[in-house]
Amino acid sequence: MTLIQSQSFKNLYFLVALKSFLIWTFTLTVCMIVVGFPALVLVVSVGALTAVTLHAIMPFSAVLLIAVGLIGVHAIGIMMAAAFMTTNGIHPQEVEWLRWLNGQADPLNTSVYAACPLTCAINS
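Residues numbered from 1 in each chain as written. Predicted model: local features only at pLDDT ≥ 70, side-chain atom pairs only at ≥ 80, totals over all residues. Heavy atoms only, no water.

(A) Here's a closer look at the overall build of the protein. Broken down by element type, the protein carries 5 helices and 0 strands. Along the protein, from the amino end to the carboxyl end, the secondary structure elements read α-α-α-α-α. Sequence-distant contacts in the protein: of pairs separated by 6 or more residues, those separated by 24 or more amount to 68%. Carbon and sulfur atoms form 75% of the exposed surface of the protein, whose accessible area is close to 9,800 Å². (Helix = DSSP H or I, 4+ residues; strand = E, 2+ residues; numbered from the N terminus. Contact = heavy atoms within 4.5 Å. Areas by Shrake-Rupley, 256 points an atom, 1.4 Å probe, with all protein chains shown as cover.)

This is the structure we're talking about:
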């Protein structure tokens, strides 16, 4: 019982949770950039229109305000999603579609080379 309550296991769990949070943050950021590109174009378009509209009211900081707001909303959203997954115990090592993150090869795909039909039957 005292072994479980020792300080070293609490530090170990904190490090595992921190690692999981950082990996989730990285993965969700990459997914937002790659997969969410059409949404990113829409968000940038709406942000540009908002900045132009606000430029009439406050010409010195409208673009800065909108840019910081959009980047902040995305960053906070990604961190909240990463924290949600970490606190629910969903670790990136357990997710099937994240094999590329762990360095594991996809067993369903086999490499096929274009020159193989020409050279595979040649015996030396």
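After that view of the structure, there is still more to cover.
(B) Examining the nonpolar core more closely. By size, the foremost hydrophobic cluster in this structure holds 6 residues: Trp24, Leu28, Ile78, Ala82, Val95 and Leu98. Contributing elements (two or more residues each) for this core: helix H1 (7-34) and helix H3 (62-87). In this view, Val95 contacts Trp24 and Ile90; residues no more than four positions away in its chain are not counted. (Core = buried A, V, L, I, M, F, W, Y, C linked by side-chain atoms within 4.5 Å. Buried < 20%, exposed > 50% of the residue type's maximum accessible area, 1.4 Å probe, protein only.)

(C) Broad picture of the layout of surface pockets. Computed from the structure, the largest pocket encloses a volume of approximately 200 Å³. Surrounding the largest pocket, Thr29, Met32, Ile33, Leu40, Val43, Val44, Ala67, Leu70, Ile71, His74 and Ile78 form its lining. The set of elements that each furnish at least two residues to the lining of the largest pocket consists of H1, helix H2 (37-55) and H3. At 5 residues, H3 tops the list of elements feeding residues into the lining of the largest pocket. Here the lining of the largest pocket is built from residues that sort into 9 nonpolar, 2 polar and no charged. (1 Å grid on protein atoms, 1.4 Å probe; cavity = no way out; pocket = protein on both sides within 12 Å on 5 of 7 lines; lining within 4 Å. Points joined across faces, edges and corners; volume = space filled by probe spheres on them. Nonpolar A, V, L, I, M, F, W, Y, C, P; charged D, E, K, R; others polar.)

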